[in-house]
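# Structure at a glance
Here's the letter readout for the chains.
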Amino acid sequence: MMSTYEGLYDFKLTEQDEEQAVHLHEQNINIDLLFQGPLSPNAIPESVSKKIKELCEPYKDEPMIYSSMPAKMITKLLASGEIPEYKSEWYKSGITAGNRELHLESLESMVTSMAEVQLQFDSADWLVKALTAEDIRSAKRNGHKAGIITAQETDGLGTNLDLLDVLHNFGLRILQLTYNNQNQVGAGCAEQSNAGITNYGKRFIERLNKLGIIVDTGHCGKQTTLDACQYSKTPVIASHTGVEAIYPHMRCKSDEEIIAIAKTGGVIGIFAMPWFVHEDPNHTTIDHVLDHIEYVIRLVGVDHIGIGTDWPMSDVLWSLVYFKEHIAPKLGFAKGDGPSTETVAGLEKYSYFINFTRGLVARGYKDEDIAKIMGGNWLRVFEKIWG
């Protein structure tokens, strides 16, 4: 039975445990709420990587454009069917639903990314846009995959709250209040001021609540996260973060933040970024990620934990190296502390996603609790806010 799965991390499971893990993984609705896949550098053919590099070379003197172009090229190649691994990797992963991300740093990026995201849905008859929780359940029943439209920044919206209505009509269902830095809404996790939510930010959250867009605090600063939990009338989430008490990185949440999110009925999604979960990114394993998951469970209970991997990126290797050297420092990342080539052992490719289920089985979690961790808790929040 296990022969259909690749990249199995050595949890020293018995044959019976392995069978249980496969059954659970295939039965459960598995959700990755910061799903940069299904592709990864290891899943993109070398011939495709070389083709993309040739197409991007004329833009090398414009770092931001050069850095962002590979992902855009991949989207276009997907639409033309030139990367069949896009579908095969997603299906091998067992992930039922993952987010498809809009970029809202400017009006131009907003329009462009809406077109790119819609192209993914239009070019794959097996990928459905999830507007309700039932859309995800239906995708599972029908052997399809569901894409949840999200965004990680709000800068391009300025102070025009009506743009939120437009984005909701397009399908936006989850919106992160800030990225690393300060914006109109609040302070990000890289801001020394820890200023919290602004007056405008409070109105912004009110509009999100009215529309049924989930408030995401993944990259928010501590006070911004706490304020969001105070002001929001619906559950607040952190789609992709870690535990500060395990590894004190700016991208991780304090116990106070985790408790506040849980009190809203929300969920904390744990990421799989080697630089953010463990002190040695070259020797970070899925066990280290599971340690973060277990900490949250011990602190606030199994009903408030989920997965939002955020890594590996759907990009080519040469582009990731360029990004770390030339772009990451401009986005608030410390030197050497941002997306590059390292991966978590046990999650080098999204087709290895079963290692989450296998690891939870190895740690003795009950079937019903594994179902919650792997996606059930996210789905509960979706049902409450989206219907």
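Just so it is clear, the structure is predicted and the values come from calculations on it, not from any experiment.

Our focus in this paragraph is the packing of aromatic side chains. Inspection of every chain in the model, using the stated rule, returns 15 aromatic pairs. Taking 4.8 Å as the distance between ring centres and 75° as the angle between the ring planes, the aromatic pair formed by Y66 and Y322 counts as edge-to-face. Placement of the pair is Y66 in helix α3 (residues 63-79) and Y322 in helix α13 (residues 317-327), with a sequence separation of 256 residues. Y66 gets classed as buried once you look at its relative accessible area, which sits at 2%.

Here we take up unusual backbone geometry. Negative phi characterises most residues that are not glycine, and trans characterises most peptide bonds. G37 connects to P38 through a cis peptide bond whose omega is 15°. Secondary-structure assignment places P38 in the loop between β1 (31-32) and α2 (46-56). In this chain, W311 is followed by P312 through a cis amide linkage whose omega measures 5°. Backbone geometry at K12 places phi at a positive 60°, although glycine is not the residue there. Positive phi outside glycine occurs at D310, with the angle close to 65°. The topology assignment puts D310 in the loop between β10 (305-307) and α13. Note on D310: relative accessible area 6%, which makes it buried.

Counting buried residues along strand β4 (residues 145-151), seven of its seven residues qualify, which places the element largely inside the surrounding structure. Neither face of β4 is exposed, since K145, G147, I149 and A151 on one face and A146, I148 and T150 on the opposite face are all buried. As paired strands, strand β2 (residues 97-102) and β4 are joined by six bridges and run parallel to one another. Following the sheet pairing, A97 is matched in β4 by A146. Of the crossover connections in this fold, the one passing from strand β3 (residues 127-129) over helix α6 (residues 133-142) to the parallel β4 is right-handed. In this sheet, strand β5 (residues 172-176) lies alongside β4 in parallel orientation, the contact comprising three bridges. In the strand pairing of β5, A151 is matched with L175. With helix α7 (residues 162-170) bridging β4 and the parallel β5, this β-α-β connection has right-handed handedness.

With that out of the way, let us pick up the pattern of salt bridges. Using the criterion set out here, one finds 16 salt bridges in the structure. E89 is paired through a salt bridge with K349; the nearest N and O atoms lie 3.8 Å apart. Placement of the pair is E89 in helix α4 (residues 85-93) and K349 in the loop between α13 and α14 (354-362), with a sequence separation of 260 residues. The exposure classification of E89 matches that of K349, with both residues buried. Between R141 and E134 there is a salt bridge, with its nearest N and O atoms 2.5 Å apart.

By the element assignment, V277 lies in helix α11 (residues 274-277). On the accessibility criterion, V277 (2% relative accessible area) is buried. Sequence spacing of V277 and L102 is 175 residues, and the spatial spacing of their C-alpha atoms is 25 Å. With sequence-adjacent residues up to four places away left out, V277 is seen in contact with I246, Y247, F271, T284, V289 and H292.

Okay, α7 next. L163, L164, L167, H168 and F170 are the residues of α7 that are buried. Along the long axis of α7, the arc covered by the buried residues comes to 155°, so they all point the same way. Turning to α7, the residues buried within the fold contact β2, α5 (107-122), β3, β4, β5 and α8 (199-211). At the exit of α7 stands G171, carrying a positive phi of roughly 135°.

A separate point is the packing of helix α12 (residues 286-300) against α14. It is the contact of α12 with α14, at a shortest axis distance of 10 Å, that shows an interaxial angle of 65°. In this structure, α12 crosses over α14, and the sense of that crossing is right-handed. Contacts from I286, V289, L290 and I293 in α12 reach N355, F356, G359 and L360 in α14. Here the residues of the contact of α12 with α14 are counted per class, giving six nonpolar, two polar and no charged.

Cut-offs used in this document
- Residues numbered from 1 in each chain as written.
- Predicted model: local features only at pLDDT ≥ 70, side-chain atom pairs only at ≥ 80, totals over all residues.
- Heavy atoms only, no water.
- Phe/Tyr/Trp six-rings, centres within 6.5 Å; stacked < 30°, edge-to-face > 60°.
- Helix = DSSP H or I, 4+ residues; strand = E, 2+ residues; numbered from the N terminus.
- Buried < 20%, exposed > 50% of the residue type's maximum accessible area, 1.4 Å probe, protein only.
- Pairing = 2+ DSSP bridges.
- Right-handed = clockwise from strand over helix to strand, strands pointing away.
- Salt bridge = Lys/Arg side-chain N within 4 Å of Asp/Glu carboxyl O.
- Contact = heavy atoms within 4.5 Å.
- Arc of directions from axis to C-beta.
- Axes fitted to C-alpha atoms, helices over the stretch in contact; angles between N-to-C directions.
- Left-handed = near helix turned anticlockwise from the far one by under 90°.
- Nonpolar A, V, L, I, M, F, W, Y, C, P; charged D, E, K, R; others polar.

In short, shape yes, function no, at least from these values alone.
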